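# A look at the structure
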Amino acid sequence: MTILDLSGAWTLTRTDGSAQEVSLPGTLDEMGIGGPDVVAKPWHPDVEARNEALLAKMGEHNVITSRLTRNHTWEGAAHFTRVLPADFAPPTDAHAGASDKRLFLVVERARALSLRIDDTLVPPLSGSLSTPWRFEVTGLLRGGSRIEFTSDNSYPGLPYQDIVFSSAATDESQTNWNGLIGSISLEAEPPLYIAGLRVYPHEHRLSVQAEISLPLSAAADTTSAGLPETVTLRLTGDCLTAPYEQEIDLTALAAAENAADPTKQTNTLVMVVDDLAVSEEALARRWDEENGQLLTLTAALLQGEQVLADRTVSFGLRDFAVDDGGHLVLNGRRIFLRGEANCAFFPETGHPPMDEAGWQRILATYMDYGANCIRFHSWCPPEAAFAAADKLGLLIQPELSHWNPRDAFSSEEARSYYERELCEILITYANHPSFVMLSLGNELHADEDGIAEMHRLVSLGRRFDPTRLYAWGSNNFYGKKGPDPESDFYTSTSCGPLRLRACGNKGPINIEYASATRCFDRACAEIRNRDYHGAIFGFEVGQYQVLPDFSELPLFRGVTRPDNITIVQDRVREMGMSDAEWEARLAATGELSLIGYREDVESAMRTEDMSGLSLLGLQDFPGQGTALVGMMHAHLQPKPYPFAAPERFRAFFRAQHILAYLPRYTWCWQETLSAPIRIVNYGREAITGALAGMLADTATGRILWQETLSDGACLTIPTGGLTEAGQLSVPLSSLLNSGEDPSTARPRRLDLTLTCGTVTTTRPVWVYPDQQQIPDCPAGIHETAHFDDAAQQVLAQGGIVYLTPPSTPEALPQSVQAQFATDFWSVGTFPQQDGAMGQFIDAAHPLFADFPTEVHTNWQWWPMAGRRAFVLKERRPCIIEELDSYATLRPMAQLFEARCLGGRVLVSSMGLQELQQYPEARALLSSIYRYIASEAFRPEADITPAELSALVP
């Protein structure tokens, strides 16, 4: 193959006939061509009805507030032309003379693409949104020839809505760019050449497909076209035990192929060689996680000893399957998917990088956070991504450019296009061992005919390439229908009402009391009860919102601008909040987000029937209402805060992990801290070592307890799942200093550290005094649920009031319902949520002298965090501020103090009297009583009686 690079100067002609010189590869966005991006189209059919609610949440602006804004947009046909010089000479090929070479124009990636050479329309040999476009132009090019590519991102003849809702073309992420990207080349081949060479490994054998291309004139009779009637196919490489040779009767093979489908005469012949033995050297070099070992195979066509054509490909020797227990296995070993959804955010270019180095950086960044699999959400990346993943030992799950939650595969254009795209993906990326799974799109819904088409395509893919796994879609029917019996894997949020993830406003993390025992066994049992034997893994797990990181704003220098984020920054400044104040609140939401992600990951790990999960996500998604859910911002750089450090995420997002099944995080000093210990091992090697435990005082670092839990024995933890490792049992009173009474000992946070071999994990527990009685309000304090005349009279006399109404909408008319976790995804997509983003706690406040806390919500706050929060008239100093979504930025609080009518008042929205079954709530109430009865209770801010009456009637 000889290649002539055609990048450089081309002429762009608009539909109005105007023309200008542009440089390719590139997009119209990058060229600064197109109109303004003034209207945010509904990004998804289900959101159309939500537009009014979205605007109400985010306020009226003259800019797009729900996503990044494109600097230039263009939808429709764009014509790129280039005239060859008069002395143009086609490139030569080593196996062809100057007069008999075949020529091909190839564009690595485009939208709907067509080609004209002078006045001749050239049909594509192949091409889709996910694969290169290839045209044979043999005999058409000469000096002065005019090449015209027409790229059309209105997708005539294709399923427009399905495509532009997908990550392949939505303005919510990648943008619906137009242009030609990647390589643009003229290729020369001999008359008879190997157009494709695909290697399919299975255990210690190989199946090889050699795609032999003849000139169209030779499809029926090779000798009349000057080609030999027979050739020898030779396969060589150190992956084989010996070279393989087979004589091919080209005329007979062509006749057989054309007889199979007389309506479609073809000049492409596929020679299949099965059951090739793999060498011992190659078997020792299996491709695996983080072990990107590649092999090579060369195919040659010979006439005698003359090489007519040859082709060399690299591939990986690996087996990826579902075992008899319904679990994913790689090379016979059970693995746990630690996936990340890539939704095609490339804010500087609006399109994916097309070079391997760019993808090495992207994928290595994901791996730094612990990911071993990347799901490409409703799109397929280019060749460079697969090549980079191969070398890194990273798994890839591409999808068709398809997102239709209403009537998938209902049109002939959809059925035709997606069958073509499926087959071309399987052909183009066949030799990449990283490519292990494929689904037909995201959250597809269909009628029975559409489901039948899904099953047909899954079956087609499996027949086409059995070395990969296939599914009818990702989270089809939002999990309501449960698993599809024809699919190899089931990835979803739920099975009917039974959830496969903890996240969400009504998710288990917010409605089930905090513990380290949560799993999804009930959902998996229901899936198995439906006689489903495929693999199960979580879908778009996480989605824990973090407040916007304004430090990213200067990085936007390309085709998009962050109007949706700069609006938030402007509003924060209008509120009088300093950069330091905002950053502290951002960090609090980030820490809580990290806690949520860990809980979701560990819940899946505790579920023995799950093969893993796929996150959404490590990277911000500044679209779909602006979903800033990542440890990294949209430019794929860690946010400049401790919570976003890759090592903190990787501490639980990994193949080997220790799980303490704590029934709760809060304990009393007279109890025994008790929990079973299991060790997760989905690595390639067994874990060996004694299981050791340690408890340390978080505040001082002092070690209070240290012990070998395995009785000194060295454990061997096999690969492939969960192993019982021991039992934690620590009488907490034994940790107290001599003379300390468990009923009055001060609350402490302890860090529990468990170690086995090289694997270590740490998690917090909180221990409180054994107060079984509800604390009594101190004498001289007026405690009341209403700001009534009696309360006002106490204040007017210079007294102290503790205002603590029930935490209900009726008692707190100006309030919102808070929750433990941060906001889910975005209020733009899910406007029914109140938008609470967790607590911002004045941890240095004297009230917390005997109540250990950080500035952010943690597990000991679970009962209180899910209560209501006041919506204040304006910002004021708070002991516990409730953070709000960026969309509304309301001043909110759960606990604040003030001077009023000459007295002092402490106001709570948490209704602690209703939570006294929890030791943490009893301890907090005791701290409140201790504080308001002390000299330290000296509020500095004022509040009017009218303001208080509005909050607590």
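Residues numbered from 1 in each chain as written. Predicted model: local features only at pLDDT ≥ 70, side-chain atom pairs only at ≥ 80, totals over all residues. Heavy atoms only, no water.

This paragraph deals with the overall build of the chain. Within the chain, the secondary structure is distributed over 18 helices and 52 strands. In terms of its C-alpha atoms, the chain occupies a principal-axis envelope of roughly 110 × 70 × 45 Å. In the chain, which comprises 953 residues, the share counted as buried stands at 61%. Here the analysis covers contacts within the chain between residues at least 6 apart in sequence; of these, 73% occur between residues at least 24 apart. Surface summary for the chain: the accessible area is close to 34,000 Å², and the carbon and sulfur share equals 50%. (Helix = DSSP H or I, 4+ residues; strand = E, 2+ residues; numbered from the N terminus. Buried < 20%, exposed > 50% of the residue type's maximum accessible area, 1.4 Å probe, protein only. Contact = heavy atoms within 4.5 Å. Areas by Shrake-Rupley, 256 points an atom, 1.4 Å probe, with all protein chains shown as cover.)

Neither face of strand 46 (residues 800-803) is open: one carries I800 and Y802, the other V801 and L803, and all of them are buried. In this view, the connection linking strand 45 (residues 781-784) to its parallel neighbour strand 46 by way of helix 15 (residues 789-796) has right-handed handedness. (Right-handed = clockwise from strand over helix to strand, strands pointing away.)

A separate point is the packing of aromatic side chains. The full count for this structure, using the stated rule, is 38 aromatic pairs. A centroid spacing of 6.4 Å and a plane angle of 45° characterise the contact between Y155 and Y160, whose relative ring orientation is tilted. Judged by its relative accessible area of 1%, Y155 is buried. Linked through ring pairs, Y369, Y544, Y597, F649, F652 and F653 together constitute an aromatic cluster. We note R111 situated over the ring of W177; from NZ or CZ to the ring centre the distance is 3.9 Å. (Phe/Tyr/Trp six-rings, centres within 6.5 Å; stacked < 30°, edge-to-face > 60°. Lys NZ or Arg CZ within 6 Å of the ring centre and 35° of its normal.)

Next up on the list: the pattern of salt bridges. With the rule as written, the count across this model stands at 51 salt bridges. Here D171 ties to R70 by a salt bridge, and the two come within 2.9 Å at their closest N and O atoms. Highlighted residues: D171 in the loop between helix 3 (160-165) and strand 13 (179-189) and R70 in strand 5 (residues 69-70), separated in sequence by 101 residues. Judged by its relative accessible area of 21%, D171 is partly exposed. Given a relative accessible area of 3%, R70 falls into the buried group. Between E412 and R415 there is a salt bridge whose closest N-O contact spans 3.2 Å. Note that E412 and R415 are positioned in helix 8 (residues 412-428) at a spacing of three residues, about one turn of the helix. Judged by relative accessible area, which is 25%, R415 ranks as partly exposed. Each of D288, E289, R333 and R338 takes part in a single network of salt bridges with overlapping partners. (Salt bridge = Lys/Arg side-chain N within 4 Å of Asp/Glu carboxyl O.)

Turning next to the environment of F848. The residue F848 is located in the loop between strand 48 (836-841) and helix 16 (862-865) in this model. On the basis of relative accessible area, F848 is assigned to the buried category, the value being 5%. The spatial distance from the C-alpha of F848 to the C-alpha of G304 is 88 Å, given a sequence separation of 544 residues. Once residues lying within four places of it in the same chain are set aside, the contact partners of F848 are I841, D842, A843, T853, W861, I879, I880 and L924.

Our focus in this paragraph is empty space enclosed by the protein. Scanning the entire structure with this criterion turns up nine cavities of 30 Å³ or more. Reported here for the largest cavity is a volume of approximately 120 Å³. Lining the largest cavity are 14 residues, with M575, M577, E881, D884 and R890 positioned closest to its centre. Taken together, the elements giving at least two residues each to the lining of the largest cavity come down to helix 13 (579-605) and strand 50 (880-884). (1 Å grid on protein atoms, 1.4 Å probe; cavity = no way out; pocket = protein on both sides within 12 Å on 5 of 7 lines; lining within 4 Å. Points joined across faces, edges and corners; volume = space filled by probe spheres on them.)

Quick look at the nonpolar core now. Judged by nonpolar contacts, the single largest core of 191 residues is most densely connected at W359, L363, F649, W861 and L924. Considering each element in turn, this core owes the most residues, eleven residues, to helix 13. In this view, F649 contacts Y369, L594, Y597, L615, L618 and M631; residues no more than four positions away in its chain are not counted. Core analysis: the second largest hydrophobic core is formed by 33 residues, L227, V273, L297 and L301 among them. (Core = buried A, V, L, I, M, F, W, Y, C linked by side-chain atoms within 4.5 Å.)

For an α-helix the count is 3.6 residues per turn, leaving residues at separations of three or four pointing the same way. A rise of 1.5 Å per residue sets the reference length of helix 13, with its 27 residues, at 39 Å; its end C-alpha atoms lie 39 Å apart and thus fit the reference within 8%. Counting buried positions along helix 13 yields 22 of 27 residues, so the element is predominantly enclosed. (Expected span 1.5 Å × (residues − 1).)

Spatially, the three strands line up as an open sheet ordered 14-15-18, and their pairing is antiparallel. Among the strands making up the open sheet, the edge pair consists of strand 14 (193-202) and strand 18 (268-277). Averaged over neighbouring strand pairs, the angle between their axes works out to 15° when direction is ignored. Looking at chain direction, strand 14 and strand 15 (residues 205-213) are connected through nine bridges and run antiparallel. (Pairing = 2+ DSSP bridges. Axes fitted to C-alpha atoms, helices over the stretch in contact; angles between N-to-C directions.)

This part takes up the packing of helix 8 against helix 9 (residues 448-464). Between helix 8 and helix 9, the shortest axis-to-axis distance is 11 Å and the interhelical angle comes to 20°. Viewed along their axes, helix 8 and helix 9 adopt a mutual orientation that is roughly parallel. Two packed elements cross with a definite hand, and for helix 8 against helix 9 that hand is right-handed. For the pair helix 8 and helix 9, contact is made by R415, E419, L422, C423, L426 and I427 and by E453, R456, L457, L460, G461 and F464, respectively. Its residues assigned to classes, the contact of helix 8 with helix 9 comprises seven nonpolar, one polar and four charged. (Parallel < 35°, antiparallel > 145°, perpendicular 65-115°, else oblique. Left-handed = near helix turned anticlockwise from the far one by under 90°. Nonpolar A, V, L, I, M, F, W, Y, C, P; charged D, E, K, R; others polar.)

So, on to the side chain of D697. Looking at the secondary structure, you find D697 in strand 39 (residues 691-697). Despite its burial, D697 pairs with no opposite charge; the closest candidate is R748, at 4.1 Å N-O. Excluding residues that lie within four positions of it along the chain, D697 makes contacts with R702, L704, R748, R749 and L750. (Lys, Arg positive; Asp, Glu negative; His and termini not counted.)

With that settled, the discussion passes to the environment of A923. Inspection of the secondary structure assignment puts A923 in helix 17 (residues 919-932). Owing to a relative accessible area of 3%, A923 belongs among the buried residues under this scheme. With 555 residues separating them along the chain, A923 and D368 place their C-alpha atoms 40 Å apart. Apart from the residues lying within four places of it in its own chain, the contact partners of A923 are Y768, Q771 and F851.

As a further point, take the side chain of D823. For D823, the position within the fold is in the loop between strand 47 (815-817) and strand 48. When its relative accessible area of 1% is taken as the criterion, D823 is described as buried. Here Q833 takes part through its side chain, which lies 2.9 Å from a polar atom of the side chain of D823. Setting aside residues up to four positions removed in sequence, D823 forms contacts with Q543, Y544, Q545, Q833, G835, A836, M837 and S885. (Polar contact = N/O pair within 3.5 Å; in protein donor to acceptor, adjacent residues only side chain to side chain.)

Taken together, six strands build an open sheet; the order of strands is 26-25-24-34-32-29 and the sheet is parallel. Each edge of the open sheet carries a strand with a single partner, namely strand 26 (395-397) and strand 29 (489-492). Direction aside, the axes of adjacent strands within the sheet are offset by 25° on average. Bridge analysis of strand 29 against strand 32 (residues 535-542) gives four bridges, and the strand direction is parallel. Within the sheet, the bridge partner assigned to T491 lies in strand 32 and is F537.

With that out of the way, let us pick up unusual backbone geometry. Backbone torsion omega between L24 and P25 reads 5°, so that peptide bond is classified as cis. Assignment of secondary structure puts P25 in the loop between strand 3 (19-24) and strand 4 (26-27). Put simply, L616 and G617 share a cis peptide bond, and its omega is -15°. One non-glycine residue, S378, adopts positive backbone phi at about 50°. Tracing the chain through its elements places S378 in the loop between strand 25 (373-376) and helix 7 (383-392). Of note, the phi angle at D531 is positive, near 60°, even though the residue is not glycine.

On to the packing of helix 6 (residues 356-368) against helix 7, then. Their axes nearest at 8 Å, the elements helix 6 and helix 7 cross at an angle of 50°. Classified by the angle between their axes, helix 6 and helix 7 sit oblique to one another. When you trace helix 6 past helix 7, the crossing you get is right-handed. Here helix 6 contributes E356, W359, Q360, L363, A364 and M367 to the contact with helix 7, which in turn contributes A384, A385, A387, A388, A389, K391 and L392. Class assignment of the residues belonging to the contact of helix 6 with helix 7 gives a composition of ten nonpolar, one polar and two charged.

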